[in-house]
Amino acid sequence: MTPRASNPSATPSAPEFEIDDAKSFDENLSGFLDSLTPKDAVLAAVAQREVPRLVRGEITQAGLLDAFKQALESQSR
Amino acid sequence: MSGWLLQRVEIEGMRGINNASEPLVIRFKDNCITSISAPNGVGKSSIFDALSFAIRGKIPKLDDLPASERGKEYYVNRFHPDSQGKVVLTLVPYAGGAAVKISVSCDSSGARTVSGPANADTILREIDREFVLLDNATFQSFVGFKDLDRGRAFSGLLGLRQYSEFRQTLQGLARTQPFNNHFNTAVLENRLRTATTALSNAQSGAQTAFEALTKRRLSEFPVPGDAVAAAYGALAQVELLKSHCDGKAFGEIDFQACLTAIAGAEQGAERAELSQIIGTQARLEAALVADALTDADKDSLKALATSRDTALREIGSEMLHQHLQSAHALLSSDEWHDKNLCPTCNTQNEQSVLDHVTGSLAKYDNAHRLAEEIEECWHTRGFENVVGLEGEAQDTGEPKPLYDIARQLGNASLSVAQVDQMWTARTAYRAKIEAKRVSLKSRRDELEKKLPASLVAINSAVEAAKLLKEKWAAVEQARGQIATINAEKGNIDQIKRFLDAASTKFQTLESNATDRRVAAVQPICRGLFASIVATDVEPSLVKQRGAEALSLALSNFFGLNNLSAQALLSESFRNALAVSVYLAAAQLYGGAARFVVLDDVTSSFDAGHQFMMMEIIKSSFARPGNPGGPQVVILSHDTLLEKLFNKNSGGTDWNHIRLEGTARTEILPHTMDSTQVRDKTKALLNAGQVQDGAFRLRFYLEQRLLEIIGKLKIPVPVDFAMDDNRKQIQHCLDAINAAVDVNKAANRLVLSATQQQGLRTHIATITGNYLSHYATGQSQAFSGPALLAVVNAIDDYALCFQHEDPPGSGTIVWYRSLTQA
């Protein structure tokens, strides 16, 4: 059996997110949330919408957890 | 570049600054260092506190007092007539533009109200950076902190405080215990166990009933179509039941109607009794089969109950538990620095109170864990079936203690005594059921002998079919419940995995950013430290990747390497190191705060190191020496430093302000026009406030005498600035007298004979009415009229050093010196 040659350039992946020192926290937070794994698209969408509100103190941690759960339940209905 | 510079601050009614209706106003030049000096107790640190309240909403030195001291009630000046404090900040954009004025009020309880432009709160939050307000305590605590606390403070310095807080938030969200508590996963697990047990019992009952009805084994669930057909066929083939089965599915058959038909066919109450006996026998059989407990099961449950009973004896009430949890939260927070200080009784302990509380809470956790294990054991080993046994053994009206025990399981768990009670009762219930079965069998045999055999078999088949229908329904219900619970668990697990991944990812990102910024700060910090201490010592900031802790080390200590900074550095060098870290961070990661206020930050330095630090601030840190640097405000009580401030103040890049006054009345800047000071002094004296007027008079006398010394360039002794402030006026007069005498002896004195005579007259008034009492502290000897005479005397004394120029013009100017007009 011949080992398969690796070819990392064959399927280019999205560049990994890094904190940009020239950008504000809010901008970097937005970039981080956008970089969250696509396989959890429903949860990532909730995070992109609700985490900035959590950081601003507009919702609680419990509120965020409930929003995650409600989103998954809505998806399965 | 964005950010804000400080243009002006007005303070009234805060800390040691009363200034009722006439706020202390300090103006700052945006391209200039501002130094503010004052004797001890004259409002210098009150300016720092007022800025802290305005920007941060808190004054740490008061907030850290024991609760009984009510520190917040001391935010407001105790003499202010309205018990209201107010700080007005005027900020100008660093890049230019219109100034904004933000007013921050403080009521007598320390509550803060911000008013101004719509974004006032946002601006205050933006400028609330760790290095905006620095005092000696900040530096000392930074070096004295444990590595973890220092690391957290350092994150803020690197502009990463929000990142650190967000990382902690993510970690908190993903932390298993609170996560599980939020979603009640323990309840969910219990529901799942109960539904699983119900499914198992229903399947077992269905199998028994199916076998009785069809004489076949049933081993598949969900029930296959041929099994349903077999059950249906077993009834439908009976002639008597045919009409009840035709055109109906198995589940639609009315079994009660079937039984009524059988009873009708035989027309006897005994048939009904037989039918009831058969049904009861089936239930008793199912209850006995379901209870498959062994002594080993009981021993396991009892062992857990024994451990829990022991654990309960080591803990107190739930109220104490809540108290310990509150204490733990407080002790663990950044706000509670001294972990050996008890927050409840304020006792200073030799051991860590946090460790003690953590240990106590661990005992509660242990008891809680054992209760959960008992509950799990109860469900997984099938102890619930004992409750079913009780339901069959005890007749209506008889006590059902095991039902009560099972119901309280989630709240109070089980004691050893209850386990024993349960096991004894189980044995008795089984015996009682066996006795019932014997009795029922005997009666059934008796009835079956009397009744036709064919109908007995049909009756048994209908009863079995009825039970089968119930059990199949129970199977489906339990399966539905399990599916729902598993779906919910799946969602919760998915959220947990998502949060775990997000938390881990963000932790890596923050670590990367921290590494970059530490690498950038390190050389600047070393450069600043080397410039201040000027010795062969090089500090290192050591931060482990992925960890919050920050260690301070010495990469070089006079040729020795990698040693502890905390262990080796003197207090002044430790301060120098902390100063270097903060200033380096401020230089690189200032953000929106483009100004730094330093309060007595050189107090541990000797004169040489003080000078070095001021030179570094002036030449390479602050504007305008460093055009991209922050605007710096220096507060100091140090009279040696004040000499340096006075010297620097001659240029355009340094503005020095001296404060005078009392907490009871007013704090005033020395730059205030002398006419204003005189008028305020007279106003106090005319109002009968002699004590306050006397204090203000000293301020006025010093101001005027120093003005004379400055204008006429009169030499003063080298220790002039270090004099006790009670003797400052006398020393000013001595210096002026000595200079006058020397020049008069040399026949070079420019003062007229009348002016020379005036000097002696006015000095006599100043000395007799004021100085001889004030210097000895006998201020009770003052009177209003006498002090008003002193005000006039010092003005007339100053006029002796001035002349009309040109003669006859009416324009009065200072002599250029004692020898030059």
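Residues numbered from 1 in each chain as written. Chains lettered and ligands numbered in written order. Predicted model: local features only at pLDDT ≥ 70, side-chain atom pairs only at ≥ 80, totals over all residues. Heavy atoms only, no water.

Q: Help me understand the sheet that holds strand β13 (residues 654-661) of chain B, please; the structure alone is not making it clear to me.
A: Pairing between sheet strands relies on hydrogen bonds along the backbone, with the strands arranged either parallel or antiparallel. Residues and elements named next belong to chain B. The strand order β7-β11-β12-β3-β13-β14 describes an open sheet built from six strands, whose pairing is mixed. Pairing within the sheet leaves two strands with one partner each, and these edge strands are β7 (133-135) and β14 (667-669). Strand-to-strand twist of the sheet, defined as the mean angle between neighbouring strand axes without regard to direction, takes the value 20 degrees. The strands that helix α26 (residues 690-711) touches are β13 and β14; relative to β13, the one it contacts most, it runs at about 145 degrees. (Pairing = 2+ DSSP bridges. Helix = DSSP H or I, 4+ residues; strand = E, 2+ residues; numbered from the N terminus. Axes fitted to C-alpha atoms, helices over the stretch in contact; angles between N-to-C directions. Contact = heavy atoms within 4.5 Å.)

Q: Just to check I follow, could you spell out the packing of aromatic side chains for this structure?
A: The description of two aromatic rings rests on the distance between their centres and on the angle between their planes. Overall, the coordinates contain 20 aromatic pairs over all chains when judged by the stated rule. Chaining the aromatic ring pairs together yields one cluster made of F25 and F32 of chain A together with Y163, F166 and F506 of chain B. The ring of F179 of chain B carries the charged tip of K496 of chain B above its face, separated from the ring centre by 6.0 Å. (Phe/Tyr/Trp six-rings, centres within 6.5 Å; stacked < 30°, edge-to-face > 60°. Lys NZ or Arg CZ within 6 Å of the ring centre and 35° of its normal.)

Q: Please clarify how the nonpolar core should be interpreted in this entry.
A: Inside soluble globular proteins, nonpolar side chains tend to come together where they are buried. Core analysis: the largest hydrophobic core is formed by 128 residues, its most contacted members being F32 of chain A together with F142, L213, L235, F250 and I617 of chain B. Per-element accounting of this core gives the leading share, 28 residues, to helix α20 (residues 453-533) of chain B. Beyond its immediate chain neighbours, meaning those up to four positions away, L235 of chain B contacts L213, L241, C245, F250, I253, F255, A461, V462 and A465 of chain B. Residues L341, C342, W378 and F383 of chain B belong to the second largest nonpolar core, which totals 47 residues. (Core = buried A, V, L, I, M, F, W, Y, C linked by side-chain atoms within 4.5 Å. Buried < 20%, exposed > 50% of the residue type's maximum accessible area, 1.4 Å probe, protein only.)

Q: Which parts of the structure should I look at to understand the pattern of salt bridges?
A: Two side chains that carry opposite charge are able to pair once their charged atoms sit near each other. Inspection of every chain in the model, using the stated rule, returns 48 salt bridges over all chains. Residue R437 of chain B pairs with E434 of chain B through a salt bridge whose shortest N-O separation is 3.5 Å. Of the two residues, R437 of chain B and E434 of chain B are both situated in helix α19 (residues 416-450); the distance of three residues between them amounts to about one turn of the helix. What makes R437 of chain B partly exposed here is its relative accessible area of 27%. Overlapping salt bridges bring together R49, E50, R53, R56 and E58 of chain A as one network. (Salt bridge = Lys/Arg side-chain N within 4 Å of Asp/Glu carboxyl O.)

Q: Explain the packing of α26 of chain B against helix α29 (residues 784-799) of chain B to me, please; I cannot follow it from the model alone.
A: When two helices pack together, their arrangement is captured by the angle between the axes and the distance separating the axes. All names here are of chain B. For the pair α26 and α29, the least separation of the axes is 10 Å and the interaxial angle reads 10 degrees. Comparing the axis directions of α26 and α29 gives the class roughly parallel. For the pair formed by α26 and α29, the contact residues are V690, A694, L697, Y700, L701, R704, L705 and I708 on the first element and G784, L787, V790, V791, I794, D795, Y797 and A798 on the second. Partitioning the contact of α26 with α29 into residue classes produces 13 nonpolar, one polar and two charged. (Parallel < 35°, antiparallel > 145°, perpendicular 65-115°, else oblique. Nonpolar A, V, L, I, M, F, W, Y, C, P; charged D, E, K, R; others polar.)

Q: Looking at this structure, how should I read the sheet that holds strand β6 (residues 112-115) of chain B?
A: Residue and element names in this part refer to chain B. Spatially, β2-β1-β4-β5-β6 is the arrangement adopted by the five strands of the open sheet, whose pairing is antiparallel. Both edges of this open sheet fall to β2 (24-27) and β6, since each of them pairs with a single strand only. Between one strand axis and the next, the sheet turns by 20 degrees as a mean value, whatever way the strands run. Pairing analysis gives eight bridges linking strand β1 (residues 4-12) to strand β4 (residues 85-93), with the strands arranged antiparallel. Counted as the bridge partner of E10 is V88 from β4.

Q: Can you walk me through the side chain of T681 of chain B in this structure?
A: Examined against the element boundaries, T681 of chain B turns out to sit in helix α25 (residues 674-686). With near-sequence residues (within four places) excluded, T681 of chain B lies in contact with G693, R696, L697, Y700 and V791 of chain B.

Q: What's the story with the confidence of the model for chain A in this structure? I'm lost.
A: Detailed conclusions should not be drawn from predicted coordinates in areas where pLDDT is low. Residue and element names in this part refer to chain A. Per-residue confidence for chain A averages 81 on the pLDDT scale, and 81% of its residues sit at or above 70. No element of chain A has a lower mean pLDDT than helix α1 (residues 25-34), at 92, and none a higher one than helix α2 (residues 41-55), at 94. In the model, residues 1-15 has pLDDT below 50 throughout and makes zero contacts with residues more than four positions away in sequence or in other chains. (pLDDT = per-residue confidence, 0-100.)

Q: Can you help me understand the interface of chain B and chain A in this one?
A: Interface size, as often reported, equals the accessible area lost upon joining of the parts. The partner chain A presents 29 residues to the 26 residues of chain B that form the contact. Taking both partners together, chain B and chain A bury about 2600 Å²; carbon and sulfur atoms supply 69% of that area. On the surface where chain B and chain A come into contact, there are nine residue pairs in polar contact (both at pLDDT 80 or more). When residues of the side of chain B that touches chain A are traced back to their parent elements, those giving at least two are α6 (161-174), α7 (176-182) and α20 of chain B. The greatest single-element share of the side of chain B that touches chain A, amounting to 16 residues, is contributed by α20 of chain B. (Buried area = accessible area lost by both parts, 1.4 Å probe. Polar contact = N/O pair within 3.5 Å; in protein donor to acceptor, adjacent residues only side chain to side chain.)

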